[in-house]
Every structure is written in C-alpha cells, then in structure tokens.
Amino acid sequence: MDVKLGQMPAWLATRDYTPNGFLGGIRAGYDRYYKKYINVRKGGIGGIAMPLTAYVVLSYIWSYEHISE
C-alpha cells in the first residue's frame with residue numbers, strides 16, 4: 001500500500017503471475033480480512049455481515065429477471 005505512482009512499474013514486475021502466485025494473493029487477502037474482522041478480541045457483527053450482505057445482493061441481482069416478471 002506504500003507504492004508511489006512512479007514506482008508502480010517496478011513493483012508490478014516483482015509480482016508473481018503464476019497460478020500459484022494468484023492463489024497466494026487470494027489467501028493473503030483472506031488472511032488479512034480474517035485477522036481484521038473475524039479473529040478479534042471484541043468482535044462485532046461487521047465481519048459476518050459484509051459477506052452475508054454481498055451474498056444477498058448478488059443473489060438478488062442474479063434472480064432479478066425472474067423476480068420482476
């Protein structure tokens with residue numbers, strides 16, 4: 001997150017674009033989300049509510065044509 005605009009090409013050249021690299025990136029993002037919203041001392045409903053809300057919105061979008069007819 002501390003990459004300056006002028007450093008962007010060099011930073012992108014260091015990324016791993018193999019399938020294993022993409023899976024590692026997804027895993028790192030999930031781990032970051034889990035540590036920030038799920039695995040906390042004073043947990044709230046926010047960590048669970050975000051994926052649940054996304055699921056409800058996507059389900060509505062996917063079935064909108066069926067609902068509107």
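Only a predicted model underlies this, so the values are computations on that prediction, with no experimental measurement involved. (Residues numbered from 1 in each chain as written. Predicted model: local features only at pLDDT ≥ 70, side-chain atom pairs only at ≥ 80, totals over all residues. Heavy atoms only, no water.)

This part takes up the packing of helix H2 (residues 19-38) against helix H3 (residues 46-62). One can describe the packing of H2 onto H3 by two numbers: an axis separation of 8 Å at closest approach and a directional angle of 125°. Judged by the inter-axis angle, H2 sits oblique to H3. Residues Tyr-33, Tyr-37 and Ile-38 of H2 lie in contact with H3, whose contacting residues are Gly-47, Ile-48, Met-50 and Pro-51. (Axes fitted to C-alpha atoms, helices over the stretch in contact; angles between N-to-C directions. Helix = DSSP H or I, 4+ residues; strand = E, 2+ residues; numbered from the N terminus. Parallel < 35°, antiparallel > 145°, perpendicular 65-115°, else oblique. Contact = heavy atoms within 4.5 Å.)

Moving on, we come to the pattern of salt bridges. Proximity of charged atoms lets side chains of opposite charge pair with each other. Taken as a whole and judged by the stated rule, the model has one salt bridge. Note that Asp-31 is salt-bridged to Arg-27, the shortest N-O span being 3.6 Å. With Asp-31 and Arg-27 both in helix H2, this residue pair falls four residues apart, about one helical turn. Judged by relative accessible area, which is 57%, Arg-27 ranks as exposed. (Salt bridge = Lys/Arg side-chain N within 4 Å of Asp/Glu carboxyl O. Buried < 20%, exposed > 50% of the residue type's maximum accessible area, 1.4 Å probe, protein only.)

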